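This is what each chain is made of:
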Amino acid sequence: MYMKKMKLFIPFAFILLSANIIAQDVVVGDTSALSEGKAMELYNSGINQANSHNLNGAIESFTQAIELFPTFEKAYFNRGSVKFQLKDYKNAILDFDKAVEINPDSTNAHFLRGRSYYELGDAEAALKDFNRATEIDPTHADAYYYKGTIYFLDNKFKEAITEYDNAIKNKPDYAYAFNDRGSAKKQLNDIKGAIKDYEKALMVDGKLSFVHNNLGSAYRANGEYELAIKSYSKAIFLNENYFIAYNNRGLAKLEKGDYKDAIKDFDETIMLSPKYAYAFNNRASAKYKLKDYEGAVADCDKAISLDKNYAAAYLNRGIAYEMLRKEDKACEDWNKAAELGLKNGKAFSQQICN
């Protein structure tokens, strides 16, 4: 099972392990074997290099330690951890494999191997390692969090909520888990529950711009447009280049009936992200409301040029064409929307076209 990509409207944040987490305790102690003693010196050198962000040097030190001491589990683990930081996930997995072979109960090795599989898109293998990590350590909040993320991406929102519950139980200030649990609840139309979770996330860390954006989307789904606009504005204040928040604030204004201000937000979205097709389609909707049908057609043209399979843009362009009395073009667009799976396209075509 490979993971599907998430839509932009519900951004996910991923927690990267720092070098301090990667680096396990420096080994200090006597050993009767000269090779093992030298291996430990090299291992400690690797730890220091990793903490100093000399990652390639750390890999070399860990490699030399392993050559002298082939069953040095911590050296395999830390070399894999450094490779993970370098996004060399396939080779990191090989090191974690060896660490697990030597120590099957290594929680960290299972977790980071799961993270590596996760980054490679192999959800099944990742979930297996995260499950093993929580079996070994039932308090491992990050492993529960990533299990929740995998279920979320597979549209198993109830299962995702259960895992986020476990993450929060073991880490009560886990802002990301509150955020993502809120997103899972929103997918199940539990809007009030989503709002509460987003608010809890912001109580932990009020500077998370994406949580303010998600809170805005929950308010918008609930028809609370002023609160939605306020939340989107906070997200933009925290991140002035947050084009999705501009787009979403524009949607709130559009749904509220403030079409001119909505267009300003869509303009800003397009300036920040010129290839963001949704913004062109949304701006077309606002122009349509202002009876600028030619402008609506032009924006739909642009949206379709960016995404040839954008069914809603075909539907909306067809509606604008119909207002311009270009029925043939309207019917062509509605039929295309229907071909792409949009039921409204079929309905318009059947009702108006011959």
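Residues numbered from 1 in each chain as written. Predicted model: local features only at pLDDT ≥ 70, side-chain atom pairs only at ≥ 80, totals over all residues. Heavy atoms only, no water.

Enquirer: Looking at this structure, I do not really get the state of the cysteines. What am I missing?
Expert: By definition, a disulfide is the covalent link that joins the sulfur atoms of two cysteine residues. Enumeration according to the criterion identifies one disulfide in this entry. Each disulfide pairs two cysteine sulfurs, and for Cys331 the partner residue is Cys353, the sulfurs being separated by 1.9 Å. Note on the Cys331 and Cys353 pair: the S-S dihedral is about -105°, so by sign convention the disulfide is left-handed. Highlighted residues: Cys331 in helix 19 (residues 327-339) and Cys353 in the segment after helix 20 (343-352), separated in sequence by 22 residues. Neither residue differs from the other here; Cys331 and Cys353 are each classed as buried. Cys300 takes part in no disulfide bond, and the closest cysteine sulfur to it belongs to Cys331, at a distance of 16 Å. Taking the relative accessible area as the measure of exposure, Cys300 reaches 1% and is therefore buried. (Disulfide = S-S within 2.5 Å. Helix = DSSP H or I, 4+ residues; strand = E, 2+ residues; numbered from the N terminus. Buried < 20%, exposed > 50% of the residue type's maximum accessible area, 1.4 Å probe, protein only.)

Enquirer: For this particular structure, what's the right way to read the packing of helix 8 (residues 141-153) against helix 10 (residues 175-187)?
Expert: The interhelical angle for the contact between helix 8 and helix 10, taken along N-to-C directions, is 25°, at an axis separation of 11 Å. In terms of axis orientation, helix 8 runs roughly parallel to helix 10. The element helix 8 and its partner helix 10 pack so that their crossing is left-handed. Contact residues: helix 8 offers Tyr145, Thr149 and Phe152, while helix 10 offers Tyr176, Ala177, Asp180, Ser183, Ala184 and Gln187. Of the residues contributing to the contact of helix 8 with helix 10, the split by class is five nonpolar, three polar and one charged. (Axes fitted to C-alpha atoms, helices over the stretch in contact; angles between N-to-C directions. Parallel < 35°, antiparallel > 145°, perpendicular 65-115°, else oblique. Left-handed = near helix turned anticlockwise from the far one by under 90°. Contact = heavy atoms within 4.5 Å. Nonpolar A, V, L, I, M, F, W, Y, C, P; charged D, E, K, R; others polar.)

Enquirer: What should I look at first to understand the packing of aromatic side chains in this one?
Expert: Each aromatic ring pair is described using two quantities: the centre-to-centre distance and the angle formed by the ring planes. Summed over all chains, the structure comprises 19 aromatic pairs. Taken together, a centroid distance of 5.1 Å and an interplanar angle of 40° make the contact between Phe69 and Phe72 tilted. Measuring from ring centre to ring centre gives 5.4 Å for Phe84 and Tyr89, while their planes differ by 65°; the resulting arrangement is edge-to-face. The burial state of Phe84 is the same as that of Tyr89; both residues are buried. Members of the aromatic cluster, each reached through a chain of ring pairs, are Phe111, Tyr118, Phe130, Tyr145, Tyr146, Tyr164 and Tyr174. (Phe/Tyr/Trp six-rings, centres within 6.5 Å; stacked < 30°, edge-to-face > 60°.)

Enquirer: What exactly am I supposed to notice about the packing of helix 16 (residues 277-289) against helix 17 (residues 293-306) here?
Expert: In contact at an axis separation of 8 Å, helix 16 and helix 17 are set at 165° when each is read in the N-to-C sense. Here helix 16 lies roughly antiparallel to helix 17, going by the angle between them. As for the relative orientation of helix 16 and helix 17, their crossing is left-handed in sense. Here Ala277, Phe280, Asn281, Arg283, Ala284, Lys287 and Tyr288 of helix 16 lie close against helix 17, whose contacting residues are Tyr293, Gly295, Ala296, Asp299, Cys300, Lys302, Ala303 and Leu306. Within the contact of helix 16 with helix 17, the residues separate by chemical class into nine nonpolar, two polar and four charged.

Enquirer: Help me understand the pattern of salt bridges in this model?
Expert: Any two side chains of opposite charge can pair, given that their charged atoms come close. Summed over the entire model, instances satisfying the criterion amount to 25 salt bridges. Three or more residues joined by partner-sharing salt bridges are found here, namely Asp165, Arg181, Lys185 and Asp197. (Salt bridge = Lys/Arg side-chain N within 4 Å of Asp/Glu carboxyl O.)

Enquirer: Teacher, can you tell me more about unusual backbone geometry here?
Expert: If a residue is not glycine, its phi is most likely negative; likewise, a peptide bond is most likely trans. Positioned with a positive phi, Asn155 is a non-glycine residue whose angle comes to about 60°. Tracing the backbone shows Asn155 in the loop between helix 8 and helix 9 (157-170). Classification of Asn155 by relative accessible area gives partly exposed; the value is 48%. Positive phi is not limited to glycine here, since Lys291 has a value of about 65°. On the secondary structure map, Lys291 appears in the loop between helix 16 and helix 17.

Enquirer: Just to check I follow, could you spell out helix 19 for this structure?
Expert: Side chains three or four residues apart in an α-helix point the same way, a direct result of the helix having 3.6 residues per turn. Between its first and last C-alpha atoms helix 19 spans 18 Å; for 13 residues at 1.5 Å apiece the expected length is 18 Å, and the two agree. Taken as a whole, helix 19 has its buried residues at Ala330, Cys331, Asp333, Trp334 and Ala337. Within helix 19, the buried residues cover an arc of 165° as seen down the axis, which keeps them to one side. Within helix 19, the exposed residues directed more than 90 degrees away from the buried face are Asp328, Glu332 and Glu339. Where helix 19 is buried, its residues meet helix 18 (311-323) and helix 20. (Expected span 1.5 Å × (residues − 1). Arc of directions from axis to C-beta.)

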